[in-house]
Amino acid sequence: MEPILNFLAAIPWWAYVLGALGLIAFRDIFIQKSHTISHNYPIVGHLRYWMESIGPEMRQYFVANNREELPFNRIERGWIYASAKKENNYEGFGTDRDIYEHQHIFVKNQMMAFKIPEGHPNALHKDFVPCAKVMGIHNKRRKPYRPASIINVSAMSFGSLSAAAVEAMNKGVAKADAYHNTGEGGLSPYHKQGGDVVFHFGTGYFGVRSSDGNLSLEKLEKLVNDNPCIKAIEIKLSQGAKPGKGGVLPGAKITKEIAEIRGVEVGKDVLSPATHKAFSNVSELMDLIEKIAEITGLPVGIKGAIGKLDQWEELADIMVETGKGPDFIAVDGGEGGTGAAPPSFADHVSLPWVYGFSELYKVFQTRNITHRIVFIGSGKLGFPAKAAMAFAMGVDCINVAREAMMSIGCIQAQICHTNRCPAGIATQNKWRQNGINIPLKSDRLAQYFKTFRKELIEITHAAGYEHPCQFTMHDIQVNVDDIDLTRNLRTTYGYNKTQVPFKGSQVLYDCEYLGGKNFTESAK
Ligand SMILES: Cc1cc2nc3c(=O)[nH]c(=O)nc-3n(C[C@H](O)[C@H](O)[C@H](O)COP(=O)(O)O)c2cc1C
């Protein structure tokens, strides 16, 4: 043994380095077959992959300016972090924004601001801003609900978020009198930490799923009866980041506990189908809303991202005819977040919030039924001036997802889909989520909500109003970018495509000229 060790010790260090590099070069050229760059430029090719992998962090920390990044720029993130920590969230010397740039929002202040009378709730609680409408009152539900906070936690499931993050959020909403939307993953023990809950389900019916993958009304009724923290029920039709896509929770995130809560298998990707089994058209959806409201007594709403309006028109018509309908509608913008979505969907499918919401609101306004619905907006609205704009357009409440994540420490690493979230929020990795100090983070979420409400109410008062529900469309100005500047392709390019004959995908599948072979081979 000793002669071998002596021999190895006699070899100079650089010979080891050269040897290792030689092995890497050998592997690059002769063994690996998947990277052309490494093959053509052995060893140095790796630098390219490494530089590419650290590029986002380099740009975020050193290159991007304060207003440059998306989805949330440094100033926006900084405002949330400082507000959540109750630190100084002011800026000195005046705005650093080009306030002439397009889409910039102006709130028109009143000559004399609203004066808070003595004994007014805002004299006692500077952040008291509840929802001005009551969910379920019009439809005479047995248990109507008025959200005590106009800002609330948007749908994010236990599964896409860690147990620690969900628990911190629920404890946070309890402290801030807000509600916590469960997202699609069912009601977990971490949602039952004292906060009001909006139970949300999508096409996977997780937590209220029958053995054939449909919605079980019995399970839903039992869930509501067993959990008085549930104040309302939301049926997800779509979300801004991936409308009509369904969802994928990567197998890497499916622990035993999540599998039990959702009623699925450990370690296997979980797919929520693109469409619902429990209804297939608008009138069946309306029936389901009534059924759920009847058995649970709770307000029932729907969540959707907006694109085409014809089915929404149909829904509004049925509401007029029957006098019934959803108690609330949550409108998500195309800029909305997700745990995982293909970029083609996240970037292109569904309208941005301002366009989608304004179109949808008119559908109900022209039928004079907006008063029957609590409108909820989500899509980067967790900033007081943007919220003022949303209120002016007709929302009654704001839901926030990523802003809530940032308040408990999200650093916008944008790797929610990998289970490697460095902040322990969008991961099921125990080590990473153990870093979350739940009492501290719940304080932070609560403080962000309180600061948000305090600033929004201050803006409201500056505009001469008492409550943000009083904002009108005339109170907010936006530089140029109105709906008239976005046009459909027909108007832009001056022609209509000639219709392509199409008799169904089966015809294409069976076609003798079908190229490729993967599809046809797998069917054999
Ligand atoms: C990690 C994550 C998980 C989400 N899960 C759901 C979900 O289960 N159901 C849903 O309707 N929306 C889901 N969303 C979308 C949010 O509820 C919200 O509509 C969207 O992110 C816009 O709000 P924001 O701009 O404040 O993030 C999720 C978003 C994120 C970031």
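Our structure's up above, just so we're on the same page.
So, a few notes on the structure that sits alongside this text. (Residues numbered from 1 in each chain as written. Predicted model: local features only at pLDDT ≥ 70, side-chain atom pairs only at ≥ 80, totals over all residues. Heavy atoms only, no water.)

In this section: the packing of helix α5 (residues 74-84) against helix α17 (residues 438-462). The contact between α5 and α17 brings their axes to 7 Å, and the two run at 110°. Taken together, the axes of α5 and α17 are roughly perpendicular relative to one another. Only D443, R444, Q447, Y448, T451, F452 and E455 of α17 make contact with α5, whose side of the interface consists of W79, I80, S83 and A84. (Axes fitted to C-alpha atoms, helices over the stretch in contact; angles between N-to-C directions. Helix = DSSP H or I, 4+ residues; strand = E, 2+ residues; numbered from the N terminus. Parallel < 35°, antiparallel > 145°, perpendicular 65-115°, else oblique. Contact = heavy atoms within 4.5 Å.)

This part covers the side chain of N73. Position of N73 relative to the elements: it lies in the loop between α4 (44-63) and α5. Given a relative accessible area of 8%, N73 falls into the buried group. Within the structure, N73 has its side chain in polar contact with the backbone nitrogen of E76 (distance 2.9 Å). In contact with N73, other than residues within four places in its own chain, are N66, R67 and E68. (Buried < 20%, exposed > 50% of the residue type's maximum accessible area, 1.4 Å probe, protein only. Polar contact = N/O pair within 3.5 Å; in protein donor to acceptor, adjacent residues only side chain to side chain.)

So, on to the packing of aromatic side chains. Throughout the structure, instances matching the rule amount to 15 aromatic pairs. Ring geometry for F357 against F375: centres 5.8 Å apart, planes inclined by 90°, an arrangement best described as edge-to-face. Taken together, the residues span a long stretch of sequence, with F357 in helix α13 (residues 353-365) and F375 in strand β10 (residues 374-378) at a distance of 18 residues. Given the relative accessible area of 0%, F357 is considered buried. Taken together, the aromatic side chains of F72, W79, F383, Y448, F449 and F452 make up a single cluster linked through ring pairs. Positioned above the aromatic ring of F206, the side-chain terminus of R262 is 4.8 Å from the ring centre. For K380, the ring lying beneath its charged end belongs to F72, and the centroid distance is 5.6 Å. (Phe/Tyr/Trp six-rings, centres within 6.5 Å; stacked < 30°, edge-to-face > 60°. Lys NZ or Arg CZ within 6 Å of the ring centre and 35° of its normal.)

Before going further, it helps to spend a moment on the site of the ligand. Neighbouring the ligand are 23 residues, the closest being A155, G337, K380, R402 and E403. Within the side chain of K303, a nitrogen or oxygen atom sits 2.8 Å from an oxygen atom of the ligand. Between an oxygen atom of the ligand and a side-chain N or O atom of R402, the distance comes to 2.7 Å. Tallying contributions element by element places helix α15 (residues 402-407) first for the shell around the ligand, with 3 residues. In terms of residue class, the shell around the ligand is built from 5 nonpolar, 11 polar and 7 charged. (Near = heavy atom within 4 Å. Nonpolar A, V, L, I, M, F, W, Y, C, P; charged D, E, K, R; others polar.)

As a further point, take the pattern of salt bridges. Tallied over the entire structure, the rule returns 18 salt bridges. In this structure, K133 and D396 form a salt bridge, with 3.0 Å as the shortest nitrogen-oxygen distance. Taken as a pair, K133 in the loop between α6 (121-124) and β2 (151-153) and D396 in the loop between α14 (384-393) and β11 (397-400) lie far apart in primary sequence, 263 residues in all. Between D317 and R367 there is a salt bridge whose closest N-O contact spans 2.7 Å. Here D317, found in helix α11 (residues 310-322), pairs with R367, found in the loop between α13 and β10; they are 50 residues apart in sequence, far enough to count as distant. By relative accessible area, which is 21% here, R367 ends up partly exposed. Look at the salt bridges and you will find they share partners, linking R141, E290 and D327 into a network. (Salt bridge = Lys/Arg side-chain N within 4 Å of Asp/Glu carboxyl O.)

Those residues of α5 that fall on the buried side of the exposure criterion are E76, R77, W79, I80, A82, S83 and A84. For α5, the secondary structure elements touched by its buried residues are α4, α14, α15 and α17. Where α5 ends, the next residue or the one after it, K86, has phi of about 55°, a positive value.

Let us now look at the packing of α14 against α17. Two numbers describe how α14 lies on α17: the axes approach to 9 Å, and their chain directions differ by 60°. Relative to α17, the element α14 is oriented oblique. Considering the relative orientation of α14 and α17, their crossing is right-handed. Counting all contacts with α14, which are made through P384, A385, A387, A388 and F391, the residues of α17 involved are F452, E455, L456 and I459. Of the residues in the contact of α14 with α17, the class split is 8 nonpolar, no polar and 1 charged. (Left-handed = near helix turned anticlockwise from the far one by under 90°.)

Here helix α7 (residues 163-176) contains 14 residues, and its C-alpha end-to-end distance of 20 Å stays within 8% of the 20 Å for a straight helix at 1.5 Å per residue. The buried fraction of α7 amounts to 11 of the 14 residues, a majority that puts the element mostly inside the structure. Within the sequence span of α7, burial applies to A163, A164, A165, V166, E167, A168, M169, N170, G172, V173 and A176. Tucked into the core, α7 has its buried residues touching β2, β3 (179-181), β4 (196-201), α15, α16 (430-434) and α17. (Expected span 1.5 Å × (residues − 1).)

Once that is clear, we can look at the nonpolar core. In terms of nonpolar packing, the biggest core is built from 108 residues, with F201, I235, F364, I425 and F449 touching the most fellow members. Formed by 11 residues, the second largest nonpolar core is a distinct cluster that contains Y179, F328, V374 and I376. (Core = buried A, V, L, I, M, F, W, Y, C linked by side-chain atoms within 4.5 Å.)

Bringing the pairing of β4 into the picture now. Of all the 6 residues making up β4, 5 are buried; the element is thus mostly covered by neighbouring parts of the structure. When β3 meets β4, the two strands line up parallel, connected through 3 bridges. The residue of β4 that forms the bridge with N181 is V198. You can see the chain leave β4, run along helix α8 (residues 217-226) and come back into strand β5 (residues 230-236), and the turn it takes is right-handed. (Pairing = 2+ DSSP bridges. Right-handed = clockwise from strand over helix to strand, strands pointing away.)

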